[in-house]
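Fold and geometry: a report
The chain contents come next:
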Amino acid sequence: MIYLNLAFDHELSLGGVTSSYEQNLFDPTRQILDLAGDLSVPVTFFTDVLCGIRFREWDSSGFSDSYEAQLQDAARRGHDVQLHLHPHWIDSTFGGGRFVPADRYALHDFRAEAPPNDIDGIVSRGVEFLDDVIRPVDASYRCRAFRAGGLVIEPSQEEIFVALRRQGIRFDSSSRSWSPILMSFKIFESCGCCKSINPWSRSEIKVCSCDGRM
Ligand SMILES: [Zn+2]
């Protein structure tokens, strides 16, 4: 039996938005939701939670209310929402209705920061945010999977995996020793570059349950 998990990054365009948030993110995502519904295929959205956290401060009515409503809509329709971290949002700024992206793109860049902007703090804040948004519509929700922004998990993968494990996250969809195009979910030990870390044995965890959710 082969299990497929269709997973999408759910995020604004890196580098800025030249159109509206609706055109850039919400409408394309709605089309995926509608198509997945027509096909009765559950999908996973790896959502850019640091964007959501920053926009709660910057512009609730202009972005984050719609953003969080879309995540809740996805969960209500039976899809999964999991953790995606683009850390540049931590340093990004907002003014005049527009955000300006900063240039520290990797979790590794934050390894020496003081909490809550260190790797552990970023991961835990991301999980807390997802719990806060999704549990009102799905009380059984748990964040259990992670995808690094740009799939960049090295060279701090050991520290990142410890932080993920502390939050109960069991699947990584970022580190890659295979194809940059075809993504597969991996239990932490399955990637050659991460074998030395290996927090769990492969036999402990099934990648997918039979309903297609992780
Ligand atoms: Zn992304």
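Model, not experiment: these values are computed from the prediction.

Looking only at helices and strands, the chain has five helices and eight strands in total. Per-residue burial for the chain yields a buried fraction of 34% across its 214 residues. Sequence separation of 24 or more characterises 66% of the internal contacts of the chain that already satisfy a separation of 6 or more.

Counting 40 residues, the largest nonpolar core has Leu83 and Leu130 as its most contacted members. Tallying contributions element by element places helix α4 (residues 119-134) first for this core, with eight residues. Those residues in contact with Leu130 that sit more than four places away from it in its chain are Val49, Val81, Leu83 and Cys143.

With that out of the way, let us pick up helix α1 (residues 21-39). An α-helix turns once per 3.6 residues; consequently, residues spaced three or four apart project the same way. Between its first and last C-alpha, α1 extends 26 Å over 19 residues, near the 27 Å set by a 1.5 Å rise per residue. Approximately 25° is the largest bend angle found in α1, and it occurs at Asp27, with the proline Pro28 only one to four residues beyond. In the segment just after α1, Ser40 is the residue with positive phi, at about 55°.

When the terminal C-alpha atoms of α4 are compared, their 23 Å separation across 16 residues agrees well with the 22 Å that a helix rising 1.5 Å per residue should span. Those residues of α4 that sit buried are Ile119, Ile122, Val123, Gly126, Val127, Phe129, Leu130, Val133 and Ile134. Angularly, the buried residues of α4 cover 160° about the axis, an arc narrow enough to put them on a single face. As for α4, its buried residues are in contact with α2 (49-58), α3 (60-76), β3 (80-85) and α5 (157-166).

Axis separation between α4 and α5 bottoms out at 9 Å; the angle between their running directions is 35°. Note on packing geometry: the crossing formed by α4 with α5 is right-handed. Where α4 approaches α5, its residues Ile119, Asp120 and Val123 are matched on the opposing element by Glu159, Ile160, Ala163 and Leu164. Along the lines of polarity and charge, the residues of the contact of α4 with α5 split into five nonpolar, no polar and two charged.

With that out of the way, let us pick up the confidence of the model for the chain. Here the chain averages 83 in pLDDT, and 81% of its residues register 70 or above. Averaged pLDDT values for the elements of the chain fall to 46 in strand β8 (residues 186-187) and rise to 98 in α4. Segment residues 177-214: pLDDT under 50, and 57 contacts once partners within four positions in sequence are set aside and those in other chains are kept.

The next subject is unusual backbone geometry. Omega for the bond connecting Pro115 with Pro116 falls within 30 degrees of zero, at 5°, which places this linkage in the cis form. Within the secondary structure layout, Pro116 lies in the loop between β5 (98-100) and α4. A cis amide bond, omega 5°, links Glu154 with the succeeding residue Pro155. The phi dihedral of Ser40 is positive, around 55°, even though this residue is not glycine. Mapped onto the fold, Ser40 is located in the loop between α1 and β2 (43-48). Ser40 sits in the exposed class, given 8 other C-beta atoms within 10 Å. Although it is not a glycine, Leu151 sits at a positive phi angle of roughly 60°. Along the polypeptide, Leu151 turns up in the loop between β6 (145-148) and α5.

Quick look at the environment of Val17 now. By secondary structure assignment, the location of Val17 is in the loop between β1 (6-10) and α1. Residues Val17 and Phe99 lie 82 residues apart in sequence; the distance between their C-alpha atoms is 8.4 Å. Ignoring anything within four residues of it in the chain, the contact list for Val17 reads Leu12 and Asn24.

In this section: the pairing of β1. With five bridges joining them, β1 and β2 adopt parallel strand pairing. Across the sheet, residue Ala7 finds its bridge partner in β2, namely Thr44. Chirality of the crossover, the property in question, places the unit of β1, α1 and β2 among those that are right-handed.

Scoring rules and cut-offs
Residues numbered from 1 in each chain as written. Predicted model: local features only at pLDDT ≥ 70, side-chain atom pairs only at ≥ 80, totals over all residues. Helix = DSSP H or I, 4+ residues; strand = E, 2+ residues; numbered from the N terminus. Buried ≥ 20, exposed ≤ 12 C-beta atoms within 10 Å, placed from the backbone. Contact = placed C-beta atoms within 7 Å. Core = buried A, V, L, I, M, F, W, Y, C linked by C-beta atoms within 7 Å. Expected span 1.5 Å × (residues − 1). Bend = angle between axes of the 7 residues up to and from the residue. Arc of directions from axis to C-beta. Axes fitted to C-alpha atoms, helices over the stretch in contact; angles between N-to-C directions. Left-handed = near helix turned anticlockwise from the far one by under 90°. Nonpolar A, V, L, I, M, F, W, Y, C, P; charged D, E, K, R; others polar. pLDDT = per-residue confidence, 0-100. Pairing = 2+ DSSP bridges. Right-handed = clockwise from strand over helix to strand, strands pointing away.

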